[in-house]
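The primary structure of each chain is shown beneath.
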Amino acid sequence: MSAAKVYIVGAGPGSTDLITIGGLKAVKKAKVIICDSLLPKTFINELGINTDDRQIIFLKDENGRKSQQEINTMMLTAAKDGKTVVRLKVGDPHIFGRGMEELQFLSENGIQCQVVPGLTAATAVGTLLDLPITQRDAASSFAAVTARLAGGKLNESFPKADSLIIFMAIGILEKIVDKLINEGWPRNTPAVIIERASMIWQNQIEGELKNMASLAMQKSIQPPAILIIGKAARRHPAPANRPRILFTGLDPSNFSTMGQIIHWPAIQIVRIEKEYKRLPKIIEQLQNQYFGYVIFTSKTSVQLFFGGAKSLRFDSRILSSSKIIACGQGTSAMLEENGIIADYMPDNIGSDGIVKIAETQLPKNVLLVQSATAAEILANRLAVRLGRIERLCLHEVQPHPELGKQLPDHDVIYFTCPSGVRAYFEKYGVKAFQKEVWCIGDVTAKQLNDFNIRPKVVQP
């Protein structure tokens, strides 16, 4: 057998938070990662994986989707070249996927392989939406079923259970609804469709079995989506402190305890290549103990800094002479993943918290790693207290090109930056702000006030 190995990895429903530890370990080992077409193109970067020394292949591009034969050939060729390969599949490889076909193909060709289970959307979707798939004394059974068979043929066999979780039903919803009603499901059976569960642009519609096809058309629901019918689709009264939050920032992970998160990012990250050319000089200055403080203002700033620095054989020990300040828990956690413990983290997210820490420190040179889009107010305030500020802006934010879709149902809309407010106002006008509006701090609140919107400042 070849010494190379292929890992067939279940990535979970699509959010990087939901991949297993075993799956993440396999991805970190891989030199070739073949990604399912349903996974977000940002998935590998969001895992914090350095892509400079890896080949990342997405199975859907401008030329369309790759055939199974092409996928098999890619895995086999890379493995025979001695490379560790990950075939990254949405959900679990053996649940309505072709994990077994790929396992058999690789084994028949003498390639060592391992299947790493993943969290299936069949169970994850209900949990994410506070819809229990089973509940004591209320629902004791469920079944997961595909609406389509090989070649796209309609499945003629639907099991009996308290709830059905149906995959691949979009596009043939009318046929599915008619079939279920003819099989005895009451027309008023509770039903929910969840589009892109756990991923950005998640959407959902709730109703009764009889009207799901028309509702899906009205809301322009697209695959991937899951249909749930039966007891699991019954809406339970939500606690007053757990609203549905339309989250417009980049990373909702620190906000998930505030309510049910629906992630619709206002902005996207764009690398600034000319800033990367400054990294060798910055690393040399760190080596020479030029900076007394290094301040990271976001998880993204940490990811991009260490991603670029590691390609230059950066040794994190050269940061030992600098005090490290992280703007919040997410940033601090990302630093820890890169082997750095932040010396300081403000109690409150935002520039005020960082400035408050600076007021207790002695004047020294500062390396401020932040977005180029960020206002220079933080650098100016720090300069008053600490002295010379060197801004390193490895990225900027731009309005997300997919923004403009019909807004999903929500109770609260949450903004994390002024540019996000401007992007939503430009795309949707005042209708985006008709529900309760929350924001992360005073700078974002001021931008909302400029549009005559009175937000509530709410921090995680």
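Residues numbered from 1 in each chain as written. Predicted model: local features only at pLDDT ≥ 70, side-chain atom pairs only at ≥ 80, totals over all residues. Heavy atoms only, no water.

Regarding the packing of helix α14 (residues 418-428) against helix α15 (residues 442-450)
Then comes step 1: It is at 8 Å that the axes of α14 and α15 come closest, and there the two elements cross at 25 degrees. One way to sum up the angle between α14 and α15 is to call them roughly parallel. Crossing handedness for the pair α14 and α15: right-handed. Residues P418, V421 and R422 of α14 form the contact with α15, whose participating residues are V443, T444, Q447 and L448.
Then comes step 2: Considered class by class, the residues forming the contact of α14 with α15 number four nonpolar, two polar and one charged. (Axes fitted to C-alpha atoms, helices over the stretch in contact; angles between N-to-C directions. Helix = DSSP H or I, 4+ residues; strand = E, 2+ residues; numbered from the N terminus. Parallel < 35°, antiparallel > 145°, perpendicular 65-115°, else oblique. Left-handed = near helix turned anticlockwise from the far one by under 90°. Contact = heavy atoms within 4.5 Å. Nonpolar A, V, L, I, M, F, W, Y, C, P; charged D, E, K, R; others polar.)

Some details on empty space enclosed by the protein
In this approach a probe as big as a water molecule rolls over the atoms, and the regions it shows empty are the leftover space.
Then comes step 1: Under the criterion given, the structure shown has one cavity of 30 Å³ or more.
Then comes step 2: A volume near 50 Å³ is recorded for the largest cavity.
Then comes step 3: Taken together, the residues of the lining of the largest cavity break down into two nonpolar, three polar and two charged. (1 Å grid on protein atoms, 1.4 Å probe; cavity = no way out; pocket = protein on both sides within 12 Å on 5 of 7 lines; lining within 4 Å. Points joined across faces, edges and corners; volume = space filled by probe spheres on them.)

Comments concerning the layout of surface pockets
Then comes step 1: The calculated volume of the second largest pocket comes to roughly 1300 Å³.
Then comes step 2: Secondary structure elements with two or more residues in the lining of the second largest pocket: α3 (68-80), β6 (85-89), α5 (121-128) and β12 (225-230).
Then comes step 3: Residues that form the lining of the second largest pocket fall into these classes: 22 nonpolar, nine polar and ten charged.

Observations concerning the sheet that holds strand β2 (residues 32-35)
Then comes step 1: The strand order across the open sheet built from five strands is β3-β2-β6-β1-β7, with neighbouring strands paired in parallel fashion. For this open sheet the edge positions go to β3 (55-58) and β7 (112-116), each flanked by a neighbour on one side alone. Across this sheet, the average inter-strand angle for adjacent strands is 15 degrees, counted without regard to direction.
Then comes step 2: Judged from the five bridges that link them, strand β1 (residues 5-10) and β7 form a sheet pairing that is parallel. (Pairing = 2+ DSSP bridges.)

Side note on the pattern of salt bridges
Then comes step 1: Overall, the coordinates contain 22 salt bridges when judged by the stated rule.
Then comes step 2: Close ionic contact of E156 with K179 constitutes a salt bridge, the shortest N to O distance being 3.4 Å. You can see E156 sitting in the loop between β8 (142-146) and β9 (163-167) and its partner K179 sitting in helix α6 (residues 173-182), a full 23 residues away along the chain.
Then comes step 3: Owing to a relative accessible area of 14%, K179 belongs among the buried residues under this scheme.
Then comes step 4: Across the salt bridge formed by D352 and R381, the nearest N and O atoms sit 2.8 Å from each other. With D352 in helix α12 (residues 351-358) and R381 in helix α13 (residues 377-386), the pair connects residues that are 29 residues apart, well separated along the chain. (Salt bridge = Lys/Arg side-chain N within 4 Å of Asp/Glu carboxyl O. Buried < 20%, exposed > 50% of the residue type's maximum accessible area, 1.4 Å probe, protein only.)

Some words on the environment of A372
Then comes step 1: Along the chain, A372 falls in the loop between β18 (366-369) and α13.
Then comes step 2: Once the C-alpha coordinates of A372 and C393 are considered, the two residues, 21 residues apart in sequence, prove to be 5.0 Å apart.
Then comes step 3: The residues touching A372, leaving out its near neighbours within four places in the chain, are I272, R391, C393, H395 and E396.

Some details on the environment of V86
Then comes step 1: As for its position among the elements, V86 is in strand β6.
Then comes step 2: In this structure the C-alpha to C-alpha distance between V86 and V27, which are 59 residues apart in sequence, comes to 6.2 Å.
Then comes step 3: When residues no more than four places from it in sequence are discounted, the contact partners of V86 are Y7, V9, A26, V27, A30, V32, I33 and I34.

So, the packing of α12 against α13
Then comes step 1: Interhelical geometry of α12 versus α13 gives an angle of 10 degrees and a closest axis separation of 10 Å. The orientation of α12 relative to α13 falls into the category roughly parallel. Counting all contacts with α12, which are made through S351, D352, I354, V355 and A358, the residues of α13 involved are L378, R381, L382, R385 and L386.
Then comes step 2: A per-class count over the contact of α12 with α13 returns six nonpolar, one polar and three charged.

Focus on the sheet that holds strand β14 (residues 260-263)
Then comes step 1: Overall, parallel pairing links the five strands, which are arranged β14-β13-β21-β22-β23 in an open sheet. Looking along the sheet, the strands with just one partner apiece sit at the ends: β14 and β23 (456-457).
Then comes step 2: Pairing geometry for strand β22 (residues 436-439) and β23, over two bridges, is parallel. The partner of W438 across the bridge, within β23, is K456.

Describing a nonpolar patch on the surface
Then comes step 1: A contiguous nonpolar patch, built from I95, F96 and M168 and spanning about 240 Å² of accessible area, is present on the exposed surface.
Then comes step 2: Within the secondary structure, I95 sits in the loop between β6 and α4 (99-108). (Patch = residues over 30% accessible without salt bridge, like charges linked within 9 Å, V, L, I, M, F, W, Y side chains within 5 Å. Areas by Shrake-Rupley, 256 points an atom, 1.4 Å probe, with all protein chains shown as cover.)

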